[in-house]
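Descriptive structure summary
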Amino acid sequence: MVAMVLYAAIIVPVLCSLYMFHRRRCCKHPLLRDYPILGMLPTVLFNLWRLHDFFTEGLIKHGGSGDLKGPWFTNMNYFVTCDSRNVQHMLCKNFDNYVKGHDFREIFEPFGDGFIAADYETWKYIRTLLHSLMNQPRFKAFIDQTVQKKILTSLLPMFDHAQQLGRMVNLQDVFLRFTFDNICLTTVGHDPKCLSIDFPVVAVEKAFRMSDKSIFYRHTVPNSVWKLQKWLQIGQEKKMTEASKTIDEFIYSFITSKRKELRKCTKEEMKEVPLDLLSLWMTEEGGCEHNDKFIRDFAFNFIVAGRGSMASTLTWFFWLVIKHPLVEAKILEEIKDHFKTNEKKNDEYGHGFDDLKQSVSGEVLGMEEVKKLVYLHGALCEALRLFPPIPIERKQAVKVDILPSGHRVNGNTMIMFSLYAMGRCEETWGKDCLEFKPERWISEKGEIVKVASYKFIAFNAGPRSCLGKDLALLQMKMVAASMLWSYRFQMAEGHVASPSHSFGLSMKNGLKVRIMKRDL
Ligand code: HEM
């Protein structure tokens, strides 16, 4: 017995020292204090309430990059960076060496083989196809008309109703509902009508929110924990399974009905099919030959890509604009200068659409019209710089590489880059980087200043950059212009804006506002 205790007294410290030595070797550039066994977890938990700002400060203090180590045995170890040279290297120059990887696909399992989680040939194939579909003028015209109708028939009437009743409205919830209806119309041609005056609970929209939550949860615990929960079907994993079932039923029902309709069509009739993305894809050469699961993954990924990011940007944009009345005044002045002195002409969608515009109160501008609103564009870019909807992205190195900052990454190193911190770097944005200044986006000639995408990173950079960037900016300008033109918004008393603990950068407790009609 005594021998055993003596043996343990020698072996345990030796093992601990070896472990510490190994840990120091692997963690040459610690970002935070590395505690025995628990790693950097205690410091992260202590600062959870201001995580993005905390990481921004830490990264800037350490020259833009460093190691983040999770507890022992969890394998939650990352190289973290906000150095735009590293990001340019990973996303553009040495793109092939940095993939989403197997771990990402496991965590993002509901995304299946869709473009968000896929790598290599599968990703390349879908990207090429999407690029050609999204660039068709008739698809852009379809989105333009869909958004205008949605603003006129759902968004503005809902604000009118709330304003008449003197009700507070949670703008974040409104934008999530609006963008969900809108992206469902764009993807499958169906309006789930989440945005209406009674704020209904729509099962499939609720399921998408739950799926977001579950994927975030998987980032916060070791893989073994959520996998065990999934196997036992308990906790958040049980909710994920239920949400996936609802989402799948929703998407598969459209795939089945579209297949049936298309089978009946002659070649000539094919040209007249609806212009939603799924119909367009399924009428492409070979489009119908993909199996249902492949088309389901495609639709799921597109709905996710087009939903949360716009809702998040609009929420932070309105919060910033409400806090900066001078910016609001300049946006209104710009709209007035361009449109309110002349008769607006917008008859390209025919009589039916014009009749609709006559029959509802409120104003809406089309995509061609909002292109002229440079200051509003700058204000939205500023919101995206300070509050990128996807605040952190992850990549996995395939082979050993030396980053421009001098850090070495090994094959399989997990890398995170903070888009949030990159928008707040003094070297890129100057001493006033924390200020909301739409003017920084406008040149002396009155044009939008072009910033390299690996610096203005909200839409990602390189071959995997956002395919919906231009459409998203135009749609958000249409929404913002029509809302600001007709209403004034006042923040609820005592409202504190802080990011919630979620995968996207949403606002904790939403954005509650009082609405007043604007007299111009
Ligand atoms: C404010 C709005 C938006 C922001 C900030 C944004 C941002 C991003 C980011 C950061 C990525 C890279 C994701 C990754 O690889 O992990 C991405 C990809 C993508 N986005 Fe957006 N997005 C927005 C709106 C949209 C909209 C409205 C659409 C579609 C109508 C869209 C379509 C796509 C597509 C198809 C990709 C995949 C590109 C690829 O993997 O090759 N996005 N977006």
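Computed from a predicted model, the values in this text were never measured in an experiment.

What follows concerns the pattern of salt bridges. Inspection of the entire model under this criterion finds 31 salt bridges. Among the salt bridges present, the one from glutamate 249 reaches lysine 245, with a minimum N-O distance of 3.8 Å. One end of the pair, glutamate 249, and the other, lysine 245, are both in helix 11 (residues 235-264), 4 residues apart, so they sit about a helical turn from each other. Here the two residues glutamate 249 and lysine 245 agree in accessibility, since each one is exposed.

Phe159, Leu171, Phe317, Phe318, Ile331 and Phe489 are the most contacted members of the largest nonpolar core, which totals 122 residues. In contact with phenylalanine 317, not counting residues within four places along its chain, are Ile331, Leu376, Ala379, Leu380, Ala383, Ala480 and Leu484. Listed in part, the 29 residues of the second largest apolar core include Val44, Leu68, Tyr98 and Met414.

It is worth spelling out the site of the ligand at this point. Surveying the vicinity of the ligand reveals 26 residues, the closest of which are Lys100, Trp123, Arg127, Glu393 and Cys466. A distance of 2.8 Å separates an oxygen atom of the ligand from a polar atom in the side chain of tryptophan 123. In the environment of the ligand, an oxygen atom lies 2.7 Å from a nitrogen or oxygen atom belonging to the side chain of arginine 127. Mapped onto the shell around the ligand, the elements with two or more residues apiece are helix 6 (120-134), helix 14 (292-323) and helix 21 (469-486).

Two modes of strand pairing occur in sheets, parallel and antiparallel, and in both the strands are linked by backbone hydrogen bonds. A sheet is described by the order of its strands in space; here 3 strands give the open sequence 4-10-9, paired in antiparallel fashion. Of all the strands in the sheet, the pair left with one neighbour each is strand 4 (169-170) and strand 9 (487-491). In this structure, strand 4 lies alongside strand 10 (residues 512-517), joined through 2 bridges in antiparallel fashion. Residue pairing for strand 10: asparagine 170 is matched across the bridge by lysine 512. Packing against the sheet, helix 14 makes contact with strand 9 and strand 10, and its axis sits at approximately 90 degrees to strand 9.

It is worth spelling out the coordination of the iron atom of the ligand at this point. Protein coordination of the iron atom of the ligand rests on one atom only, Cys466 (SG), at 2.3 Å. Relative to the helices and strands, cysteine 466 resides in the loop between helix 20 (426-429) and helix 21.

Attention now moves to the packing of helix 9 (residues 203-220) against helix 14. Where helix 9 meets helix 14, the closest approach of the two axes is 12 Å, and the angle between their N-to-C directions is 80 degrees. Taken together, helix 9 and helix 14 sit at an angle that is classed as roughly perpendicular. Across the interface between the two elements, Glu205, Phe208, Arg209, Ser211 and Asp212 from helix 9 touch Phe300, Ile303, Val304 and Arg307 from helix 14. Looking at the contact of helix 9 with helix 14 residue by residue, the classes come out as 4 nonpolar, 1 polar and 4 charged.

Turning to the UniProt feature "binding site: heme" (unreviewed entry) in the chain, a few remarks are in order. Per the UniProt entry, the sites bearing "binding site: heme" (unreviewed entry) are Cys466 in this numbering. Relative accessible area serves as the criterion here: at 36%, cysteine 466 is assigned to the partly exposed category. Beyond its immediate sequence surroundings of up to four residues, cysteine 466 is in contact with Phe459 and Asn460.

A few words on the sheet that holds strand 3 (residues 98-99). Reading across the sheet, the 5 strands line up as 1-2-8-5-3 and stay open at both edges, with mixed pairing between neighbours. At either end of the open sheet lies a strand with only one pairing partner, and these are strand 1 (65-69) and strand 3. Sheet topology places strand 2 (residues 77-81) next to strand 8 (residues 414-418); 3 bridges connect them, and they run parallel. Residue pairing for strand 8: threonine 81 is matched across the bridge by phenylalanine 417. Against the sheet, helix 4 (residues 84-93) contacts strand 1, strand 2, strand 3, strand 5 (392-397) and strand 8, and its axis sits at roughly 125 degrees relative to strand 8.

Now for the UniProt feature "transmembrane region" (unreviewed entry) in the chain. Using the residue numbers shown here, the UniProt feature "transmembrane region" (unreviewed entry) corresponds to residues 298-322. Helix makes up 100% of residues 298-322 and strand 0%, whereas the separation of the span's terminal C-alpha atoms amounts to 37 Å.

Inspection of every chain in the model, using the stated rule, returns 25 aromatic pairs. Judged by centre distance (5.6 Å) and plane angle (55 degrees), the ring pair of phenylalanine 159 and tyrosine 487 falls under tilted. On the criterion of sequence distance, the pair formed by phenylalanine 159 in helix 7 (residues 137-165) and tyrosine 487 in strand 9 is long-range, its members being 328 residues apart. Each member of the pair, phenylalanine 159 as well as tyrosine 487, carries the same accessibility label: buried. Ring centres of tryptophan 281 and phenylalanine 298 lie 4.1 Å apart, and the angle between their planes is 50 degrees; this geometry places the pair in the tilted category. On the criterion of sequence distance, the pair formed by tryptophan 281 in helix 13 (residues 277-283) and phenylalanine 298 in helix 14 is long-range, its members being 17 residues apart. Judged by relative accessible area, tryptophan 281 falls into the buried class, the value being 0%. Within the aromatic cluster, the residues linked to one another by ring pairs are Phe104, Phe108, Phe111, Phe180, Phe208, Phe300 and Phe503.

Thresholds, definitions, all that
Residues numbered from 1 in each chain as written. Predicted model: local features only at pLDDT ≥ 70, side-chain atom pairs only at ≥ 80, totals over all residues. Heavy atoms only, no water. Salt bridge = Lys/Arg side-chain N within 4 Å of Asp/Glu carboxyl O. Helix = DSSP H or I, 4+ residues; strand = E, 2+ residues; numbered from the N terminus. Buried < 20%, exposed > 50% of the residue type's maximum accessible area, 1.4 Å probe, protein only. Core = buried A, V, L, I, M, F, W, Y, C linked by side-chain atoms within 4.5 Å. Contact = heavy atoms within 4.5 Å. Near = heavy atom within 4 Å. Polar contact = N/O pair within 3.5 Å; in protein donor to acceptor, adjacent residues only side chain to side chain. Pairing = 2+ DSSP bridges. Axes fitted to C-alpha atoms, helices over the stretch in contact; angles between N-to-C directions. Donors = N, O, S within 2.8 Å, 3.2 Å for Na, K, Ca; no water. Parallel < 35°, antiparallel > 145°, perpendicular 65-115°, else oblique. Nonpolar A, V, L, I, M, F, W, Y, C, P; charged D, E, K, R; others polar. UniProt positions renumbered as here; feature names shortened; annotations may be inferred. Phe/Tyr/Trp six-rings, centres within 6.5 Å; stacked < 30°, edge-to-face > 60°.

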